[in-house]
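So the chains spell out like this:
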Amino acid sequence: MSQCEEEEKQQPEFCSEQERNGTLVNPRAVCNACKRLYRDPKILPCLHTFCSDCIGQLEPFSVSSRCRPDRPGESHRVETVDGDRPAVTVTVLCPDCDSEVDIPPSGPAGLSTDHLALDEVFLETLVTDGPLGCDLCGEGGAESRCEVCCLNLCEFCCQAHRRQKRTASHSVQRLEELKSRGRLSRPVLCSLHPGQELRLFCQPCDLPICLECAATLHRDHRCCPTRDVIDRHGDRIRELVTVQLRPRLERLKDSLQKVEVSQEALQARVDATANEVRSFARGYANAVEAHCLSLLHRLEELRVQRRNQLHLQRAQLHQALLDIGGSVEFAERLLSCGSDTEILSAKGVTLRRLTSLPAGEVEGYPVVGAINSKTVDLSKCTIEGEGLQRCREGQQGHFTLMCRDSAGEQLTRGGEHVVVSIVNREKKNCTVEASVVDNSDGSYSVSYTPKEPGAYSVWVCVKAQHIKGSPFILNVKRKLRRHTGTFHCCSFCSSGGDKEARCGCPGTMPGGFKGCGHSHKGHPGKPHWSCCGSTAEQSECLPQSVLAAVSPRGHLRTVEL
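Residues numbered from 1 in each chain as written. Predicted model: local features only at pLDDT ≥ 70, side-chain atom pairs only at ≥ 80, totals over all residues. Heavy atoms only, no water.

What to know about the overall build of the protein
In step 1: Looking only at helices and strands, one finds 10 helices and 30 strands in the protein.
In step 2: Counting only residues that meet the buried cut, the protein has 27% of its 561 residues in that class.
In step 3: Partitioning the contacts of the protein with sequence separation of at least 6, the portion at a separation of at least 24 is 52%.
In step 4: When the accessible surface of the protein is summed, it comes to about 37000 Å², and 53% of that surface belongs to carbon and sulfur atoms. (Helix = DSSP H or I, 4+ residues; strand = E, 2+ residues; numbered from the N terminus. Buried < 20%, exposed > 50% of the residue type's maximum accessible area, 1.4 Å probe, protein only. Contact = heavy atoms within 4.5 Å. Areas by Shrake-Rupley, 256 points an atom, 1.4 Å probe, with all protein chains shown as cover.)

This is how it looks when you write it as structure tokens:
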């Protein structure tokens, strides 16, 4: 079984998308451009087939003159048509694959005819058009078809067709047999000599030809029967398909499948991320709404507090106004209407009352309505600086208290009562005095100097209340012990060969030297401090207890080098 027959079995015979006269139509018989049965089907260089008229109606993508060499060794020249005008190559876009394909200068007629498409069209006609009439007499029903003349014949005309000498050799097939086979195997006729089948192949021209073409136009060419060369040319096509294109097709299918899987995974990730975004947005909106309600509640509490203060202040001012007004009225009436005796009699009580009333200017009265709306919020106050976490014994530490309001903004004024207490966590009687400086901009600078190492509790209070995070933990490290010796390679080199020079490392030298030397016993093998033997240049000097434990001689200091 040939590869073409296998593909015929693998592909569906009819298409569910095309209909013709109420029946399903074979898609291989329909042009994708006009959506009708093929009319003179032509094959484009991209191997897609369209009607010749449909190809002629395509919009040109580009137009150029074609150049070719006349003979080997000659320069290129412009090819001409009819010997006088240059040949023009028109480039169009394939309606199926959008590839740029060239149309021959002779137009769509110069393209190869798709005979397989013609077979499909005829087969579709047999299947869908019902009984066919005889193309010769027009009376009887067609029962056979001459594949050379392409005529449908009744029984009588078929017998006459076989008796004529000119048509006796034509291949005549019964229509029922053609329908049952599902595909046609008709001869391909010559376009120059109607009725002549293309049975020969001209090798120089690389074209199939008929007998008359071989006797006239291709008389001096090497021609041979098509059956003798079909294996060579068919094998070449089969090799390209099997060796190169089939594996590439499988790889393309695998790559396409991977891309589709990646697209599905991408869409899944996008959907998951979109859900996360929506969830975050809903949570954020809920948090904003809750914060808004909290702020409104806080605002209402502040309003009630200020209203009560204003009501109390109003009552106090009103009472003071009544007291002073009544006293002034009584005093003025006493002075204007009373006699000398009456004034002297009421002088004592009047003076006591007048002197007991509040004195001073009205502008100095503490009016609550003028209080700044920004008040310190202890939960928003922050500490800046590393002096709150770590410090060294005997060194001054610093940090800054930033007072903020309920919105987290720094206050622009000072005047808050700030208290800072630093107490040793283990020794309750060990305290550190702290200095607080009001910077008058909402910040307060705190400085202290611890005298003992250890862990301390730092209390930071504003208006006698702890800020958020107070009390804090402060770690005070002991004072750094500086090296008293020299960072050297050995005592022999650093002292210029002095026998009395000693070193904190356990190294010894023969010959009465009391210090260390290169490559001698006990030398650390690297530069080190002469006071303690430490090999780290940026380090703290080792204490006496460590030296006593590691040094065999037990000495602490070296002679001056």
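Having put the structure on the table, let's press on.
Here we look at the side chain of His523
In step 1: Along the chain, His523 falls in the loop between α9 (491–494) and β30 (528–529).
In step 2: A residue is classified by how much of its surface remains accessible, and His523, at 16% relative accessible area, is buried.
In step 3: Within polar-contact distance, the side chain of His523 engages the backbone oxygen of Cys489 at 2.7 Å.
In step 4: Within the structure, His523 has its side chain in polar contact with the backbone nitrogen of Gly525 (distance 2.9 Å).
In step 5: With near-sequence residues (within four places) excluded, His523 lies in contact with Cys489, Cys490, Gly507, Cys516, Gly517, His518 and His528. (Polar contact = N/O pair within 3.5 Å; in protein donor to acceptor, adjacent residues only side chain to side chain.)

Section: the packing of aromatic side chains
In step 1: According to the stated counting rule, one finds 4 aromatic pairs in the structure shown.
In step 2: Judged by centre distance (5.8 Å) and plane angle (25°), the ring pair of Phe280 and Tyr284 falls under stacked. On the criterion of helical spacing, the pair formed by Phe280 and Tyr284 is a turn pair, its members being 4 residues apart in helix α7 (residues 226–337). The residues Phe280 and Tyr284 share a single accessibility class, namely exposed.
In step 3: Positioned over the ring face of Phe513 is Lys499, at 5.6 Å from the centre of the ring. (Phe/Tyr/Trp six-rings, centres within 6.5 Å; stacked < 30°, edge-to-face > 60°. Lys NZ or Arg CZ within 6 Å of the ring centre and 35° of its normal.)

Some details on the sheet that holds strand β15 (residues 172–174)
In step 1: With antiparallel pairing, 3 strands are arranged side by side in an open sheet as β14-β13-β15. Each of the sheet's edge strands pairs with one partner strand only, and the pair in question is β14 (151–153) and β15. Averaged over all pairs of adjacent strands, the angle between strand axes in this sheet comes to 30°, irrespective of strand direction.
In step 2: Pairing analysis gives 3 bridges linking strand β13 (residues 144–146) to β15, with the strands arranged antiparallel. Bridge pairing in β15 places Ser144 opposite Arg174. (Pairing = 2+ DSSP bridges. Axes fitted to C-alpha atoms, helices over the stretch in contact; angles between N-to-C directions.)

Here we look at the sheet that holds strand β17 (residues 207–209)
Across a sheet, strands are paired by hydrogen bonds formed along the backbone, either parallel or antiparallel in direction.
In step 1: In space, the 3 strands of this open sheet follow the order β17-β16-β18, with antiparallel pairing throughout. The open sheet terminates on both sides in strands that have one partner only, identified here as β17 and β18 (223–225). Averaged over all neighbouring strand pairs, the angle between strand axes comes to 35°, with direction disregarded.
In step 2: Alignment of strand β16 (residues 200–202) against β17, held across 3 bridges, turns out to be antiparallel. Counted as the bridge partner of Cys202 is Leu207 from β17.
In step 3: The strands touched by α7 are β16 and β18; relative to β18, the strand with the most contacts, the crossing angle is about 90°.

Some thoughts on the pattern of salt bridges
In step 1: For the coordinates displayed, the defined rule picks out 14 salt bridges.
In step 2: Across the pair Arg353 and Asp323 runs a salt bridge, and its minimum N-O distance is 3.7 Å. You can see Arg353 sitting in helix α8 (residues 340–356) and its partner Asp323 sitting in helix α7, a full 30 residues away along the chain. (Salt bridge = Lys/Arg side-chain N within 4 Å of Asp/Glu carboxyl O.)

A short note on the packing of α7 against α8
In step 1: Following both chains from N to C, one finds α7 and α8 inclined at 160°, their axes separated by 11 Å at the closest point. If you check the angle between α7 and α8, you find them roughly antiparallel. Crossing of α7 over α8 shows left-handed handedness. Two secondary-structure elements touch here, α7 through Asp323, Ser327, Phe330, Ala331, Leu334, Leu335 and Cys337 and α8 through Glu342, Ile343, Ala346, Thr350, Arg353 and Leu354.
In step 2: Here the residues of the contact of α7 with α8 are counted per class, giving 8 nonpolar, 2 polar and 3 charged. (Parallel < 35°, antiparallel > 145°, perpendicular 65-115°, else oblique. Left-handed = near helix turned anticlockwise from the far one by under 90°. Nonpolar A, V, L, I, M, F, W, Y, C, P; charged D, E, K, R; others polar.)

As for unusual backbone geometry
In step 1: Put simply, Ser470 and Pro471 share a cis peptide bond, and its omega is 0°.
In step 2: Within the secondary structure, Pro471 is located in the loop between β27 (465–466) and β28 (472–477).
In step 3: For Asp206, which is not a glycine, the phi torsion comes out positive at approximately 55°.
In step 4: Structurally, the position occupied by Asp206 is in the loop between β16 and β17.
In step 5: One non-glycine residue, Ser519, adopts positive backbone phi at about 65°.

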